[in-house]
Amino acid sequence: MAAEQPGSGDDRQASGCGSEATPPAGRRRTGRTLANAAGLLLTSAALFYLFRTSLASLRETGLHEILSFDPALFILSFLFLQLHLFAAAWSWQRATAVAGSRITIRQAYAIHFVALVGKYVPGKVWAAVGKIGLSREAGVPASRAGQALVLETLLIVAGSLMMGIPLVPGLSSRLNISLVLGFAAVAAVVVLLVVASHPSAYRKLLDVAGRITGRSFACSDPGFGSILRLLPVYLAVFSLMGIAFLLLAKSFGVDLPLFPGISVFPTAAAIGFLVLLAPGGLGVSEISLTWLMAMIMAEGDPGRYAIVALASRLWLTLGELTAFGIAVSLWGGRKALRSLLGREAAPPSGTA
């Protein structure tokens with residue numbers, strides 16, 4: 001497939017979504033280097049705290065007193081994790097459909113999980129850039145993929161906040177704020193995000209995506225009703241994530257209640273998603289998860305929750321690696337994927 005020229009064809013149908021001037025390359029490189037260094041420092045500090053907390057608890061009470069392990073529940077949790085990951089790919093298929101392009105669930109799975117590797121690269125943009133490039137190979141114009149990506153980002157944050165509503169009473173109590181104020185704050189942010197997904201509002205967000213990827217994205221109007229119908233899709237994705245984690249925690253002897261326990265892992269993942277400096281939310285998500293579990297379980301050893309949080313990162317990474325292996329096979333194997341990525345990395349014809 002011939003490489004699409006940035007700013008050509010469908011990309012020129014910007015409808016007022018042109019990109020603004022970008023800073024000089026040297027300044028951008030310096031900014032990226034500083035951001036990456038800060039992200040690695042933040043991640044290292046978070047992981048150091050978690051490991052120190054876990055080891056201190058192990059020294060005091062011993063491994064057998066802290067954790068019991070149920071292999072059957074762990075396997076069941078991993079199966080639910082795979083259902084969650086499949087649903088995440090389905091959500092990308094639905095987002096591209098709303099943006100005006102059609103891909104199969106097979107293509108959506110391959111695109112989502114090959115691109116997902118980029119989330120662990122410092123900078124937070126590589127997964128997005130990869131998803132746009134791979135979607136283009138599946139026949140989705142870059143402009144439509146960019147539009148779907150903006151919708152996906154808005155709905156991930158809105159959906160995760162809605163999943164976190166059962167945690168509001170506990171958070172309000174811990175932060176010593178009014179329960180009404182806590183619910184009002186969450187509701188206000190959710191409403192703001194939903195309103196931002198309106199075609200007339202997210203044009204500016206498409207400009208941001210254009211500056212990140214070096215393209216100008218079209219601003220088609222799929223209809224606000226079509227966008228709102230995506231929200232239950234993302235709530236289903238996060239619900240499966242929450243159930244999978246409940247089973248994982250139980251397999252390690254931490255029996256969280258269904259409500260608000262189902263909200264713990266999606267909320268922690270969302271916090272990691274929003275902290276742009278941490279690659280893949282590494283460290284930040286685990287600290288948030290430890291704190292949220294301790295908040296729900298009024299009595300218990302924080303070291304136990306830190307161990308479960310660290311185990312959840314390994315569990316999630318194993319699940320994503322499994323999905324990545326399947327995605328590579330869907331692209332036709334490693335050689336086909338390397339050839340595809342080589343075409344994406346090559347400069348457009350006629351350039352130096």
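This report concerns the structure included in the present document. Since the model is a prediction, treat every value here as computed from it, not as a measurement.

The rules behind each value
Residues numbered from 1 in each chain as written. Predicted model: local features only at pLDDT ≥ 70, side-chain atom pairs only at ≥ 80, totals over all residues. Heavy atoms only, no water. Helix = DSSP H or I, 4+ residues; strand = E, 2+ residues; numbered from the N terminus. Buried < 20%, exposed > 50% of the residue type's maximum accessible area, 1.4 Å probe, protein only. Contact = heavy atoms within 4.5 Å. Areas by Shrake-Rupley, 256 points an atom, 1.4 Å probe, with all protein chains shown as cover. Axes fitted to C-alpha atoms, helices over the stretch in contact; angles between N-to-C directions. Parallel < 35°, antiparallel > 145°, perpendicular 65-115°, else oblique. Nonpolar A, V, L, I, M, F, W, Y, C, P; charged D, E, K, R; others polar. Patch = residues over 30% accessible without salt bridge, like charges linked within 9 Å, V, L, I, M, F, W, Y side chains within 5 Å. Salt bridge = Lys/Arg side-chain N within 4 Å of Asp/Glu carboxyl O. Phe/Tyr/Trp six-rings, centres within 6.5 Å; stacked < 30°, edge-to-face > 60°. Lys NZ or Arg CZ within 6 Å of the ring centre and 35° of its normal. Core = buried A, V, L, I, M, F, W, Y, C linked by side-chain atoms within 4.5 Å. Left-handed = near helix turned anticlockwise from the far one by under 90°.

## Quick notes on the overall build of the protein
- Scanning the protein from N- to C-terminus turns up 16 helices and 0 strands.
- In the protein, buried positions account for 46% of the 352 residues.
- Counting only contacts in the protein whose residues sit at least 6 apart along the sequence, the fraction spanning at least 24 positions is 77%.
- If you sum the accessible surface of the protein, you get close to 16,700 Å²; carbon and sulfur atoms cover 68% of it.

## Here's the deal with the packing of helix α3 (residues 71–99) against helix α4 (residues 105–115)
- It is at 8 Å that the axes of α3 and α4 come closest, and there the two elements cross at 105 degrees. With respect to α4, the element α3 is oriented roughly perpendicular. In contact with Q82, L85, F86, A88, A89, W90, W92 and Q93 of α3, α4 contributes I105, A108, Y109, I111, H112 and F113.
- Looking at the contact of α3 with α4, its residues break down into 11 nonpolar, 3 polar and no charged.

## A few points about a nonpolar patch on the surface
- A cluster of nonpolar residues, L175, I177, L181 and W291, forms a patch on the protein surface that exposes about 390 Å² of accessible area.
- In this fold, W291 is placed in helix α14 (residues 284–296).
- When its relative accessible area of 38% is taken as the criterion, W291 is described as partly exposed.

## Details of the packing of aromatic side chains
- Considering all chains together, one arrives at 6 aromatic pairs under this definition.
- A centroid spacing of 4.7 Å and a plane angle of 50 degrees characterise the contact between Y109 and F113, whose relative ring orientation is tilted. In this pair, Y109 and F113 are both assigned in helix α4, 4 residues apart and thus about one turn of the helix distant. Taken individually, Y109 and F113 each receive the classification buried, so the pair is uniform in this respect.
- Put simply, the rings of F69, F74 and F252 pair up and form one aromatic cluster.
- A cation over a ring is seen here: K131 above W92, with NZ or CZ 4.4 Å from the ring centre.
- Over the ring of W291 we find R174; its NZ or CZ atom is 6.0 Å from the centre of that ring.

## Structural notes on the nonpolar core
- Among the nonpolar cores identified, the biggest contains 71 residues, and F245, M293 and W315 are the most heavily contacted of them.
- Here the element with the most residues in this core is helix α6 (residues 142–163); it accounts for 12 residues.
- Among all residues touching M293, those that are not within four sequence positions of it are F245, L256, V264, Y305, V308 and A309.

## A look at the side chain of S160
- In this fold, S160 is placed in helix α6.
- On the basis of relative accessible area, S160 is assigned to the buried category, the value being 5%.
- Among all residues touching S160, those that are not within four sequence positions of it are F238, P266, T267 and A270.

## Considering the side chain of E320
- Assignment of secondary structure puts E320 in helix α15 (residues 302–330).
- By relative accessible area, E320 is classed as buried at 10%.

## Thoughts on the pattern of salt bridges
- Tallying each qualifying case throughout the model produces 4 salt bridges.
- With its nearest N and O atoms 3.0 Å apart, the salt bridge here joins K131 to E152. One end of the pair, K131, is in helix α5 (residues 126–137); the other, E152, is in helix α6, with 21 residues separating them in the sequence.
- For K131, a relative accessible area of 6% gives the class buried.

## Section: the environment of L161
- Mapped onto the fold, L161 is located in helix α6.
- The exposure class assigned to L161 is partly exposed, which follows from its relative accessible area of 26%.
- Considered as a pair, L161 and L235 are 74 residues apart in the sequence and their alpha carbons are 9.9 Å apart.

## A short note on unusual backbone geometry
- For the bond from F259 to P260, the omega torsion is 10 degrees, close enough to zero to count as cis.
- When you line up the elements, P260 lands in helix α12 (residues 258–261).
- Positive phi is not limited to glycine here, since N176 has a value of about 60 degrees.
- Along the chain, N176 falls in the loop between α7 (168–175) and α8 (179–196).

## A look at the packing of α4 against α15
- Closest axis-to-axis distance for the α4/α15 pair is 8 Å, and the angle between their directions is 125 degrees. Our classification of the angle between α4 and α15 gives oblique. Relative to α15, the crossing made by α4 is left-handed. For the pair α4 and α15, the contacting residues are R106, Y109, A110, F113 and V114 in the first and A323, F324, I326, A327, V328 and L330 in the second.
- Grouping the constituent residues of the contact of α4 with α15 by class yields 10 nonpolar, no polar and 1 charged.

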